[in-house]
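Residues per chain are reported as follows:
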Amino acid sequence: MKAGRITSGFWLVAALLALWELSARLHWVDSPNWPALSQVLAALFHDIASGELPPLIGGTLWRMGAGLAAGSVAGVVVGLAFCLAPVTRMLLAPAVELLRPIPVPAVIPPLVLFLGLDDPMKITVVALTAFFPVLTNTMQGVAAVEAEAIQMGRTFGVGPLRRAAFIVLPATLPYALAGVRVALGLSLVVAVVAEMIAGEAGIGHYLVMMQFAGRAPEMYATIILLSVLGYALNRGFVAVERRAIHWWFALGRQADG
Amino acid sequence: MTQATRRAALLGLGASTLMAPAINAQALTKMRVSVIPVLDVAPLHAAIAQGFFAAEGIEIDTSTTAGGATGLPGLIAGQFRAVFSNGVSTMLGVREGQEFKFISGASRATMGPPDILAVLTRKGSGIRSGKDLEGKRIASNTRNNIVWLRGMAWVEKTGGDWRKVTTVEIPFPQMADALIGGRVDAVISSEPFVAAALETGQIERIGWPMSETQPGCTNAHYVGMGPDLARNGEIFDRWARALHKGVDWVNERLGQPPLLELISNFSRVPLERMRNVALPAYAKNVTPAEIDELVGTMQRYGLTGRYPASASLIHKTAQ
Amino acid sequence: MAFLELDALGKFYPQPGGAPPARIMERVSLTVPEGEFLAVLGPSGCGKSTLLQMVAGLTTPSEGEARINGRAVAGPPPEAVYLFQQYNRSLLPWRNCRDNVAFATEHRLGRKPARAAADEQLAQVGLAGFGDHYPWQLSGGMQQRVAIARALAAEPALLLMDEPFSAVDALTRIQLQSLILDIWARRKLTVMLVTHDVEEAIFLADRIAVLTPRPSTIGEVIEVGLPRPRDAIATREAPRFLELRHHLLNRLLARDAA
């Protein structure tokens, strides 16, 4: 059943890619901005083999990873603090709720002003993006922690900080990780967008250069590259998640979000 | 912010002086310059490639921004020491009280066709003039910039009322598709996108907005901040000397393979396309007259306001 | 001096809209000598668990106080450990059995000694060799044994049990009851057990305090008077056992019907 689903999904992708190739080859879509898939793949392999793309990919992944890590840690810490120390929630929740709906491109100009155009700005943009889904899921997770588990800690004389670290945090982890998984996809996109704005680094800058040079195959090569990277990152993350919270999957629970 | 950055730079400089005096003799002044991936910045790249900046003790770090969106704001914020900017954006900033100064010319229109801007339409659309465009849609990469301004001047010059033409903002790379797809009736495009659009065979050129309206008119310049120039004038003297050597290098090789290869290298535009691309006139200086003409044109097309005397905006390196 | 004293304990919750507060429990007074096995028997919803939580310092009484060794309970007392009804919620699924048991003491002893002690405690509840298993790999009865081992690891003087065997099957329940009696005798614990199971109360306890429905208070305290050690089969067939069962069921059912 499961194998069948994967196969039919694979065929859909293959059919779409074939349609792409044909639509360009047979001029169903006639534009210099619609190259054939084979040209795009040739450009992709050329720029990987020439050594141009690998360091750019590395740079983008580094910025994404650093931002994702910082944003996720902040999301978990603030989420725990909001739930376990209501004072912090009273102080910070309004600010957080006001920041949440702001689209990332809108915060880039002030970030450029304070952090410049290089990695600090780009990593911060990614961190801000990652923060909110992790925060929301962490708070959901804390709300779902069994009251008995916390009372159990109290009857053994375990202090509040230790209870937070050894009961609430591990119990919340499956929810927080579900948030990180959402943030992961967003982070890659946002890292590339930030690179497109300024500075000469990463896949985003490569994409802008290729747009301005009118090199459509390279542009689409970047898009394919991002799609493959995003897919691989998600698969890798799920594998890590299954190891880190094996008990959660053993209990047959599903973290939503 | 500017001050903090500068202080950090000075601290860094001081520390390196103490620790490694031997190396310091060769240490280069780092300057970050905002550029756009267009043909106009060829002299800057030539000067980098030919070692003219290194010879002046300067290391250039270029930062490419699409459409120049972060250029002037980055200059104000102290992220850049110099910015390649089109004249309209610069003067609009000056009008709002920003202390921008022209530190070098960059590009002007040629005295006659071909020049780097072109008005394009679909083949067979029947549109030949600004008059034909009344009530129709024309695309510019940005409203209220030099491309739009020269485009409006062309509409008027060819008998149209620019107020009756609707401007749509479309980035250069997407203009050809928008035109072929019928989403706009004409576009004001820039090289090398003009050459790429003409390669499709479905698009034709109907006008040269710069050389037909104001031959040799001003286009883009390098801009610095007044306070920085006052304090660090000597650095900018060296910077301009190196850049102007690059201008000479480029002007000596107009239309020749070494220049086309250089442009193809930094812009990534395929070399075969470069052979069909029109180049601007590369300039070293900025004249009060060309700025006055620009301001006059801006006033005429709705960008009104009080602008300071043009001579006061031109730093000695651009005179 | 009595080991555990309940002095006119009461609990009520404020109601919205100025209505009089909901009284759950009032004037519960009891004295429990050291080493006694006390059962508190009552129908469902009479507030038995609330009473136990007040003794455990997990809930603050609205009136009166509980005292252990003469000290009023304010927060979880170091002498007492609470054994939860829902072992699957109080065991930590990300820790194996050894580390679950070690959780009771590692904050005082450190990780290593706590783990070593945990293996001993697991052996005492018949789970030697299960240290590396995760709770969710075990049956319900075995999980409750892990919870018991964890409670014992803290070396409590007072064990507070909240219907600890209600979630396991009948045979397992009998086995766990014998296990608890065995541990109680060996360790000379004082036990306060809350249950709605009449037979369980008779089989385990020295005395049974019967709670009335809401607002509940102690209706009657009965000396069980069955000889020890008690036998899982023979004790349940003793005339005194049957007599008490008859009396208590009569009482609970009559109250329920009313």
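Residues numbered from 1 in each chain as written. Chains lettered and ligands numbered in written order. Predicted model: local features only at pLDDT ≥ 70, side-chain atom pairs only at ≥ 80, totals over all residues. Heavy atoms only, no water.

Re the overall build of chain B
Thinking step 1. Helices and strands together make up the secondary structure of chain B, namely 15 helices and 11 strands.
Thinking step 2. Relative to a compact globule of 319 residues, whose C-alpha radius of gyration would be 20 Å, chain B shows 20 Å and is just as compact.
Thinking step 3. Along the three orthogonal principal directions, the C-alpha set of chain B runs to about 70 × 45 × 30 Å.
Thinking step 4. Out of the 319 residues belonging to chain B, those deemed buried represent 57%.
Thinking step 5. As presented, chain B carries roughly 12800 Å² of accessible surface, and 53% of it is formed by carbon and sulfur atoms.
Thinking step 6. A distance of 3 Å separates the average location of the 33 positive side-chain charges in chain B from that of its 28 negative side-chain charges. (Helix = DSSP H or I, 4+ residues; strand = E, 2+ residues; numbered from the N terminus. Rg over C-alpha atoms; globule rule 2.2 N^0.38 Å. Buried < 20%, exposed > 50% of the residue type's maximum accessible area, 1.4 Å probe, protein only. Areas by Shrake-Rupley, 256 points an atom, 1.4 Å probe, with all protein chains shown as cover. Lys, Arg positive; Asp, Glu negative; His and termini not counted. Charge placed at Lys NZ, Arg CZ, Asp CG, Glu CD.)

Let's talk about empty space enclosed by the protein
Thinking step 1. Throughout the structure, instances matching the rule amount to one cavity of 30 Å³ or more.
Thinking step 2. A volume near 40 Å³ is recorded for the largest cavity.
Thinking step 3. In this structure, the largest cavity is lined by Met152(A), Phe156(A), Val81(C), Tyr82(C), Leu83(C), Phe84(C), Ser90(C), Gln144(C), Ala147(C), Arg150(C) and Ala151(C).
Thinking step 4. Breaking the lining of the largest cavity down by element, the ones donating at least two residues are β6 (80-83) and α6 (140-153) of chain C.
Thinking step 5. Among the elements that make up the lining of the largest cavity, the one with the highest residue count is α6(C) (four residues).
Thinking step 6. For the lining of the largest cavity, the per-class residue count stands at eight nonpolar, two polar and one charged. (1 Å grid on protein atoms, 1.4 Å probe; cavity = no way out; pocket = protein on both sides within 12 Å on 5 of 7 lines; lining within 4 Å. Points joined across faces, edges and corners; volume = space filled by probe spheres on them. Nonpolar A, V, L, I, M, F, W, Y, C, P; charged D, E, K, R; others polar.)

Some remarks on the interface of chain A and chain C
Thinking step 1. At the interface, 20 residues of chain A touch 24 residues of chain C.
Thinking step 2. Note on chain A versus chain C: buried area summed over both sides is about 2100 Å², and carbon and sulfur give 70% of it.
Thinking step 3. There are three salt bridges connecting chain A and chain C.
Thinking step 4. Across the salt bridge formed by Arg89(C) and Glu146(A), the nearest N and O atoms sit 3.6 Å from each other.
Thinking step 5. At the boundary of chain A with chain C, the tally comes to four residue pairs in polar contact (both at pLDDT 80 or more).
Thinking step 6. For the side of chain A that touches chain C, the leading source of residues is helix α7 (residues 147-155) of chain A, giving seven residues. (Contact = heavy atoms within 4.5 Å. Buried area = accessible area lost by both parts, 1.4 Å probe. Salt bridge = Lys/Arg side-chain N within 4 Å of Asp/Glu carboxyl O. Polar contact = N/O pair within 3.5 Å; in protein donor to acceptor, adjacent residues only side chain to side chain.)

What to know about the packing of aromatic side chains
Two aromatic rings are characterised by how far apart their centres lie and by the angle between their planes.
Thinking step 1. Per the counting criterion, the structure on display carries 17 aromatic pairs over all chains.
Thinking step 2. Their ring planes at 70° and their centres at 5.4 Å tell us that Tyr175(A) and Trp248(A) sit as a pair that is edge-to-face. With Tyr175(A) in helix α8 (residues 160-197) and Trp248(A) in helix α11 (residues 246-250), the pair connects residues that are 73 residues apart, well separated along the chain. For the residue pair Tyr175(A) and Trp248(A), the accessibility class agrees, reading buried in each case.
Thinking step 3. Ring centres 5.2 Å apart and planes at 20° place the aromatic pair Tyr134(C) and Trp136(C) in the stacked group.
Thinking step 4. In this structure Trp136(C) comes out as partly exposed when scored by relative accessible area, which is 25%.
Thinking step 5. Ring pairs connect the aromatic residues Tyr175(A), Trp247(A), Trp248(A) and Trp94(C), which therefore count as one cluster. (Phe/Tyr/Trp six-rings, centres within 6.5 Å; stacked < 30°, edge-to-face > 60°.)

Comments concerning the packing of helix α3 (residues 53-84) of chain A against helix α6 (residues 119-143) of chain A
The relative placement of two packed helices comes down to the angle between their axes together with the axis-to-axis distance.
All names here are of chain A.
Thinking step 1. Orientation of α3 relative to α6, taken along the N-to-C sense of each, is 35°, at an axis distance of 6 Å. Handedness of the crossing formed by α3 with α6: right-handed.
Thinking step 2. Of the residues in the contact of α3 with α6, the class split is 21 nonpolar, six polar and three charged. (Axes fitted to C-alpha atoms, helices over the stretch in contact; angles between N-to-C directions. Left-handed = near helix turned anticlockwise from the far one by under 90°.)

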